[in-house]
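Coordinate inspection notes
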Amino acid sequence: MFKRYSKTSSTQAPNDAKLTEVGASTPATTENAVKVEKPALAIPKKAPAPTATAELSKDEKRRARLIDIRMQMHKRLLETLNLAAIDKASEADLRREISAVTQDGLQEMGIVLNKAERDELVQELVDEVTGLGPLEPLLRDEDVNDILINGHKQVFVERAGILSLSDIRFADEKHLLRVIDKIVSAVGRRVDESNPYVDARLKDGSRFNAMVPPVAVDGALVSIRKFKKEKLSIDKLVNFDAFTEEMAAYLQAAVATRLNIIVSGGTGSGKTTTLNALSSFIDNNERIATIEDTAELQLQQTHLARMESRPANVEGTGAVTQEDCLRNALRMRPDRIIVGETRGNEVIDMLQAMNTGHDGSMTTIHANNARDAVARLENMIAMTGVELPISASRAQIASAVNLIVQVKRLQDGSRRMTSITEIVGMEGEIISMQEIFKYEIYGTLDNGKIDGAFTPTGMRSSYSDRFKQWGYDLPTSIYTKKAAQ
Ligand SMILES: Nc1ncnc2c1ncn2[C@@H]1O[C@H](COP(=O)(O)OP(=O)(O)OP(=O)(O)O)[C@@H](O)[C@H]1O
Ligand SMILES: [Mg+2]
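In short, a report on the structure. (Residues numbered from 1 in each chain as written. Chains lettered and ligands numbered in written order. Predicted model: local features only at pLDDT ≥ 70, side-chain atom pairs only at ≥ 80, totals over all residues.)

**What to know about the site of ligand 1**
Condition: Each residue gets a C-beta atom placed from its backbone. Should that atom fall within 6 Å of a molecule or strand, the residue is termed near it. Here a helix means four or more residues in a row that DSSP labels H or I, a strand means two or more in a row labelled E, and each is numbered from the N terminus. Just so you know the grouping, Ala, Val, Leu, Ile, Met, Phe, Trp, Tyr, Cys and Pro go in nonpolar, Asp, Glu, Lys and Arg go in charged, and all remaining residues, Gly too, go in polar.
The environment of ligand 1 is formed by 19 residues, the closest being N145, G270, K271, T272 and T273. When contributions to the shell around ligand 1 are tallied by element, the ones reaching two or more residues are helix 1 (14-23) and helix 10 (271-279). Element by element, the count of residues in the shell around ligand 1 is highest for helix 10, at three residues. Along the lines of polarity and charge, the residues of the shell around ligand 1 split into five nonpolar, nine polar and five charged.

Dropping the structure here:
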């Protein structure tokens, strides 16, 4: 059965679409300059136009003035608004109220703003009062994947794989700390000098981490991985050129025939997204246990046992680790176990589960290639304190893991599955592997995009017979290397 992943439309990958936008590197000269992002880390190909500096500094001044007005108005609002009633007020009522107070305030202070600026100010104040202030527009913006804050003056955002400095600012460090506090206190956590870092989840499910001074040297550090309501499906990923239809058909066979799979990749490379997409190949009547530090996976199956680990509380007790969850999961009779990311002591139980009746299990690991992923597993085993000779660790890994899927975020921001590698056994003390598909990079095009292509390596899967037995008879053509063009 060879399911075709037809390209349903000519939809371009968001990566590509957005690349043009960022890569064009137009200086922030539009009317809407306050919200326009400057591509900071995306190195502009051309030098900025001579007027850019003047424009930007004018912009900077305008922004500083707006922030100042916002702070004054916010103070005024806190004095005027009935805070107790805010929770009950509808958004429209609140906006009307805030708009009226702002109008009066501006008049009293003798500040003249045009309509766009006034609307923007009212929106910012609504965000400040009801939400997370300057973060709100970024949380609303569907194109933003990550928000990274280095102190109150620097808010970086990632869109389509490219990181750039945004024009969003917090008024001062206290303002940023207040927003952090609002987030963590909502989930019953605390962050301060004695407890300087925290993981939490925003109301919308986004993953949140913050570290505050003095451990964070130049001001509070915040990282947010936005929660996407609509996860990227296999079809979408194929359309976005993250991998090919042939690779998808191979992966479908691998998941359906219960190979144990590790998705390996760097930070933000698309590991969780890939894991989630792969899980869509699992049959709906299987019982799946998922274990994560922050619940991000959105499996479509009905029979799910979802678990989320928990750090210790302020007194240092009450921690529930991924290892605890995994041990417990083994008593829950799952058909498959999915661990969001294997990074510590849970490694031994994970490998054991893969070896003993929970085949078809999956996890992700932080590594740069298939060999590196195995080395990371070996290191993790060594770190658990379980004294296992290296050859025994390797044998354990080789018999537990069938497949390593490597994902990468390339320099142009595109995220691709750069390799699918099978573990085929041991040769002496060495784990032997064979790569089935890879992404070959030829160079970089003038527009900064990577010039490359997916290609089978020419090796036939060592699981071909298994695939066939299970009814996934993949045509040999999917393994055939295309002749160079
Ligand atoms: N192929 C893709 N095309 C476009 N966007 C993608 C692709 N894969 C992942 N993304 C987006 O990239 C962001 C990071 O993806 P994801 O959370 O899967 O990475 P990760 O490797 O699990 O990160 P971390 O190391 O932080 O756990 C997400 O916002 C996701 O929607
Ligand atoms: Mg992840």
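**Thoughts on the environment of D372**
So the rule is basically this: Exposed residues have 12 or fewer other C-beta atoms within 10 Å of their own C-beta, buried residues have 20 or more, and residues in between are partly exposed; the C-beta atoms are placed from the backbone.
Within the secondary structure, D372 sits in helix 13 (residues 370-383). Overall, D372 belongs to the partly exposed group, with 15 C-beta atoms counted inside 10 Å. With 107 residues separating them along the chain, D372 and G265 place their C-alpha atoms 9.9 Å apart.

**With respect to helix 4 (residues 91-109)**
Our working rule: The length a helix should cover is 1.5 Å for every residue beyond the first.
A rise of 1.5 Å per residue sets the reference length of helix 4, with its 19 residues, at 27 Å; its end C-alpha atoms lie 26 Å apart and thus fit the reference within 8%. Residue G110 follows helix 4 closely and has a positive phi angle near 70 degrees.

**Observations regarding the sheet that holds strand 9 (residues 304-308)**
Applicable threshold: For two strands to be treated as a pair, DSSP must find no fewer than two bridges joining them. To define axes, lines are fitted to C-alpha atoms, for helices over the stretch in contact only, and angles between the resulting N-to-C directions are given on a 0 to 180 degree scale. For the purpose of contact definition, each residue receives a C-beta atom placed from its backbone, and two residues are in contact when these atoms lie within 7 Å.
Strand order in the open sheet formed by nine strands is 9-8-10-11-7-12-13-14-15, and the pairing between neighbours is mixed. Both edges of this open sheet fall to strand 9 and strand 15 (450-456), since each of them pairs with a single strand only. Neighbour to neighbour, the strand axes of the sheet diverge by 25 degrees on average, direction disregarded. Bridge count between strand 14 (residues 430-444) and strand 15: seven bridges; the pairing is antiparallel. Each bridged residue has a counterpart across the sheet, and for E440 the counterpart in strand 15 is A453. Where helix 13 meets the sheet, it contacts strand 7 (261-265), strand 11 (362-366), strand 12 (403-409), strand 13 (415-427) and strand 14, and its direction lies at approximately 95 degrees from that of strand 11.

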